[in-house]
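# Commentary on secondary and tertiary structure
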Amino acid sequence: RAQPAFDSAAFWDARYARSAAPFEWYVPAPPHALLRALGAHARGARCLDVGCGTSALGEALEARGFDVEYVDFSAEAISQCVARRPDAAARFHVADVRALPFADGRFACAVDKGCLDALAFGEAGSVGAAHALAPALAELARVLRPRGHFLSLSTDPPELRADALRAAAA
C-alpha cells in the first residue's frame, strides 16, 4: 500500500471531504499549556493558526483575546471553517505554509498543531525529516515580528527539530 501524501493539499481535501465535523489533532482544543505559553502576549495580539484544518484551536485563542488568522492548504478545510463561521471568512486563507501570503513581521505569534508533522512525514515517509521543514520554518520566521513566538505541538521529540528551528530563527 502506498504511503499517504501528507504533504499534498489533495490528500487533505479528500480527508476533510469525508466529514464536516471539526477534527482535533493530538489533543482537544485548546491545549492549556499552549494557552499558558501564549499568555504573555497582550490582548489583541495577531496570531497565525498554521495548518488550521477544522480544529477549534484558533477559536479558543480568539476567546482569549487574540486576533487570529487561519491558513491551511486544504481548500476543503477552509471551506468548512468558513461555513461554520461566515462572519470570520476574511480571516481564513487557502495557502501553503511554505509560501505564506502575509507581510513580513505581521504576527506576534504562530501556532501549529500537527502541520509540520504532516509536512515532515509526507516529504520523508517518516516523522523527523527536519530538512523538509526548512521552507515552512523560514516563512514562519519571516511573518513573525522580531522576538515573536512559534509554538508547535508535535509527536516528534524536540531534538529531531532543534537544528531546523535554530536555523530558521537565525
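Refer to the structure above for everything that follows.
Because the structure is predicted, anything quoted here is derived from the model rather than measured.

## Some words on the packing of aromatic side chains
- For the coordinates displayed, the defined rule picks out eight aromatic pairs.
- A ring pair is formed by F11 and W12, whose centres lie 4.9 Å apart and whose planes are at 90 degrees; its orientation type is edge-to-face.
- The class of F11 is partly exposed, set by a relative accessible area of 26%.
- Classification of W12 as buried rests on a relative accessible area of 9%.
- Both rings, one in W12 and one in Y16, keep their centres 6.1 Å apart while their planes meet at 35 degrees; by these two values the pair is tilted.

## Overview of the environment of L35
- For L35, the location among the structural elements is in helix α2 (residues 32–38).
- A C-alpha to C-alpha distance of 8.7 Å links L35 and A60, two positions 25 residues apart in sequence.

## Thoughts on empty space enclosed by the protein
- Counted under the stated rule, the structure contains one cavity of 30 Å³ or more.
- Surrounding the largest cavity, W25, D49, V50, G51, C52, S55, L57, D112 and K113 form its lining.
- Secondary structure elements with two or more residues in the lining of the largest cavity: β1 (46–50) and β4 (107–113).
- Partitioned by chemical class, the residues of the lining of the largest cavity number four nonpolar, two polar and three charged.

## Some remarks on the sheet that holds strand β3 (residues 92–94)
- The five strands are arranged β3-β2-β1-β4-β5 in an open sheet whose pairing can be described as parallel. Single-partner strands in this sheet number two, and they are β3 and β5 (144–153). Neighbour-to-neighbour, the strand axes of the sheet open up by a mean angle of 20 degrees, direction not taken into account.
- Its contacts with the sheet put helix α4 (residues 75–84) on β2 (67–72) and β3, and the angle it makes with β3 is roughly 160 degrees.
- Relative to β5, helix α6 (residues 134–143) is tilted by about 135 degrees, and along the sheet it contacts β1, β4 and β5.

## Here we look at the pairing of β4
- Burial analysis of β4 places seven of its seven residues in the buried class, the great majority of the element.
- Where β1 lies against β4, four bridges are found, and the strand directions are parallel. By the bridge assignment for β4, L48 is matched with A110.
- Two elements, β4 and β5, share six bridges in a ladder whose sense is parallel. Residue pairing for β5: A110 is matched across the bridge by F150.

## Here's the deal with the pattern of salt bridges
- For the structure shown, the criterion picks out nine salt bridges.
- Of the charged contacts in the structure, one is a salt bridge between K113 and E24, with a shortest N-O distance of 2.6 Å. With K113 in strand β4 and E24 in the loop between α1 (9–17) and α2, the pair connects residues that are 89 residues apart, well separated along the chain.
- R142 is the partner of E139 in a salt bridge, and the nearest nitrogen-oxygen pair spans 2.9 Å.

## Things to note about the layout of surface pockets
- Roughly 360 Å³ of internal volume is contained in the largest pocket.
- The wall of the largest pocket is formed by 22 residues, among which F6, W12, G114, C115 and A118 lie closest to the centre.
- Listing elements by their share of the lining of the largest pocket, those giving two or more residues are α1, β2 and α5 (115–124).
- Here the lining of the largest pocket takes five residues from α5, the largest share from any one element.
- Taken together, the residues of the lining of the largest pocket break down into 14 nonpolar, three polar and five charged.
- There is about 250 Å³ of room inside the second largest pocket.
- Among the elements of the structure, α6, β5 and α7 (162–169) are those that each provide at least two residues to the lining of the second largest pocket.
- Among the residues making up the lining of the second largest pocket, the classes are represented as nine nonpolar, two polar and two charged.

Rules used in this analysis
Along each chain, numbering runs from 1 in the same order as the chain's sequence is written. Totals for whole chains, interfaces and linings use every residue, but because this is a predicted model, local features are given only for residues with pLDDT of at least 70 and side-chain atom pairs only at 80 or more, for both listing and counting. Calculated side-chain values reflect all of the structure's heavy atoms, with hydrogen atoms and water omitted. In this scheme Phe, Tyr and Trp rings, the latter by its six-membered ring, pair at centre separations within 6.5 Å, and the angle between planes marks the pair as stacked below 30 degrees, edge-to-face above 60, and tilted otherwise. Burial here depends on accessible area, computed with a 1.4 Å probe over protein chains only, as a share of the maximum for the residue type. Under 20% is buried, over 50% is exposed, and the range in between is partly exposed. Only runs of H or I of at least four residues qualify as helices and only runs of E of at least two qualify as strands under DSSP, and these elements are numbered from the N terminus. Both cavities and pockets are sets of points on a 1 Å grid over the protein atoms alone; in a cavity a 1.4 Å probe fits but cannot get out, in a pocket the set is open with protein on both sides within 12 Å along at least five of seven lines, and lining residues sit with an atom within 4 Å of a point. Grid points are joined across faces, edges and corners, and a volume is the space filled by probe spheres set on the points. Each residue gets one of three labels, nonpolar for Ala, Val, Leu, Ile, Met, Phe, Trp, Tyr, Cys and Pro, charged for Asp, Glu, Lys and Arg, and polar for the others, Gly among them. Strand pairing is assigned whenever DSSP detects at least two bridges linking the two strands. Only C-alpha atoms enter the line fits that serve as axes; for helices the fit covers just the stretch in contact. Angles between N-to-C directions range over 0 to 180 degrees. Contact between two residues is taken to exist if any of their heavy atoms lie within 4.5 Å; hydrogens are not considered. Salt bridge, as used here: a side-chain nitrogen of Lys or Arg that lies within 4 Å of a carboxyl oxygen of Asp or Glu.

Nothing here speaks to function; it is geometry throughout.
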